[in-house]
Amino acid sequence: MKTMQANVVTPDGTVFDGDVEMVSVRAQSGELGILPGHIPLVAPLTVGAVRLKKDNKVQRVAVSGGFIEVRPDKVTILAETAELPTDIDVARARAAKERAERRMAEAKQDEIDFKRAQLALRKAITRLEVAGK
Ligand code: ATP
């Protein structure tokens, strides 16, 4: 299988750096699957799990927005936050999920507080999913 270099970086540093056969991300325009040789592309990301595939193994990373930059031999994900499953504090994500659900129940749907809580909920759910919880 052909491979390409993949990097996931945040303002705090590098979270993943390695050769992979496929990268899939959740872009704002929808799910994107990138194989080696892909045409150059820059796309904004939404909250979601990044999947990096190699040798039938999948490394998941929880990402909360940012950008993906694709070149034929290299994919760079510049994320606002990014965590590997082993770095995820499950209790913290569960608490964030409950807090967000409570805030959504209290706020009106068109309020900014509702949208903020909805985003927090998506982040918490993504972290729990990536952690396998
Ligand atoms: P919380 O409400 O629990 O603080 P948050 O969604 O507001 O979560 P972020 O602003 O997305 O947190 O992230 C702030 C920092 O904390 C980032 O470095 C992020 O990687 C880290 N982080 C957030 N939640 C978790 C978690 N459950 N486990 C590990 N790291 C986390």
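Because the structure is a prediction, the values reported are computed rather than measured.

J.: Even after reading the chapter, I still don't get helix α2 (residues 112-130), so can you show me in this structure?
T.: The α-helix winds at 3.6 residues per turn, so residues separated by three or four positions along the chain end up facing the same way. Relative to the 27 Å expected for 19 residues at 1.5 Å per residue, α2 spans 27 Å between its end C-alpha atoms, a close match to the ideal helical length. The complete set of buried residues in α2 reads Phe114, Ala117, Leu121, Ala124, Thr126, Leu128 and Val130. Where the residues of α2 are buried, they touch β5 (41-54), β6 (57-71), β8 (82-83) and α1 (90-106). A positive backbone phi angle near 75° is found at Gly132, which sits one or two residues after α2.

J.: Even after reading the chapter, I still don't get the pairing of strand β3 (residues 22-27), so can you show me in this structure?
T.: Taken residue by residue, a regular strand's side chains alternate between the two faces of the sheet. Strand direction decides the pairing type here: β3 and β5, joined by four bridges, are antiparallel. Within β5, the residue paired with Met22 across the bridge is Lys53. Here β3 pairs with strand β4 (residues 30-34) via five bridges, running antiparallel. Note on β4: the bridge partner recorded for Arg26 is Glu31. Between β3 and β4, which pair antiparallel and follow one another directly, the connecting turn spans two residues.

J.: Honestly, the nonpolar core in this entry has me stumped. Any pointers?
T.: Nonpolar side chains in soluble globular proteins generally cluster together in the buried interior. Counting 23 residues, the largest nonpolar core has Val23, Leu52, Ile68 and Ile77 as the members making the most contacts within it. Counting only elements with at least two residues in this core, the list comes to β1 (4-10), β2 (13-20), β3, β4, β5, β6 and β7 (74-79). Residue contacts for Val23: discarding those within four places in its chain leaves Met4, Ala6, Leu32, Gly33, Ile34, Val50, Arg51, Leu52, Val75 and Ile77. Within the second largest apolar cluster, six residues are counted, among which are Ala100, Ala107, Phe114 and Leu121.

J.: Mind showing me how you'd approach the side chain of Thr76 here?
T.: You can see Thr76 is positioned in strand β7. Excluding residues within four positions of it along the chain, Thr76 makes contact with Asn7, Phe67, Ile68 and Glu69.

J.: Please clarify how the pattern of salt bridges should be interpreted in this entry.
T.: As a working rule, side chains carrying opposite charge can pair if their charged atoms are close by. For the structure on display, the rule yields five salt bridges. Measuring nitrogen to oxygen at the nearest pair gives 3.3 Å for the salt bridge that ties Glu101 to Lys97. Here Glu101 pairs with Lys97, and both are found in helix α1, just four residues apart, close to one helical turn. With relative accessibility at 36%, the residue Glu101 sits in the partly exposed group. Notably, a salt bridge pairs Arg116 with Asp113, separated by 3.8 Å at the nearest N-O pair. Of the two residues, Arg116 and Asp113 both sit in helix α2, three residues apart, roughly one turn of that helix. Judged by its relative accessible area of 57%, Arg116 is exposed. A residue is classified by how much of its surface remains accessible, and Asp113, at 42% relative accessible area, is partly exposed. Salt bridges sharing partners connect three or more residues here, namely Arg26, Glu31 and Arg51.

J.: For this particular structure, what's the right way to read the site of the ligand?
T.: As a matter of local geometry, the ligand sits amid Asp12, Thr81, Glu83, Asp87, Ile88, Asp89, Arg92, Ala93, Arg99, Lys123 and Arg127. A distance of 2.7 Å is found between an oxygen atom of the ligand and a side-chain nitrogen or oxygen belonging to Arg99. A distance of 2.9 Å is found between an oxygen atom of the ligand and a side-chain nitrogen or oxygen belonging to Arg127. When isolated, the ligand has an accessible area of 590 Å², and the protein chains bury 66% of it. Elements represented by at least two residues in the shell around the ligand include exactly α1 and α2. At three residues, the largest contribution of residues to the shell around the ligand is made by α1. Taken together, the residues that form the shell around the ligand break down as two nonpolar, one polar and eight charged.

Basis of the calculations
Residues numbered from 1 in each chain as written. Predicted model: local features only at pLDDT ≥ 70, side-chain atom pairs only at ≥ 80, totals over all residues. Heavy atoms only, no water. Helix = DSSP H or I, 4+ residues; strand = E, 2+ residues; numbered from the N terminus. Expected span 1.5 Å × (residues − 1). Buried < 20%, exposed > 50% of the residue type's maximum accessible area, 1.4 Å probe, protein only. Contact = heavy atoms within 4.5 Å. Pairing = 2+ DSSP bridges. Core = buried A, V, L, I, M, F, W, Y, C linked by side-chain atoms within 4.5 Å. Salt bridge = Lys/Arg side-chain N within 4 Å of Asp/Glu carboxyl O. Near = heavy atom within 4 Å. Polar contact = N/O pair within 3.5 Å; in protein donor to acceptor, adjacent residues only side chain to side chain. Areas by Shrake-Rupley, 256 points an atom, 1.4 Å probe, with all protein chains shown as cover. Nonpolar A, V, L, I, M, F, W, Y, C, P; charged D, E, K, R; others polar.

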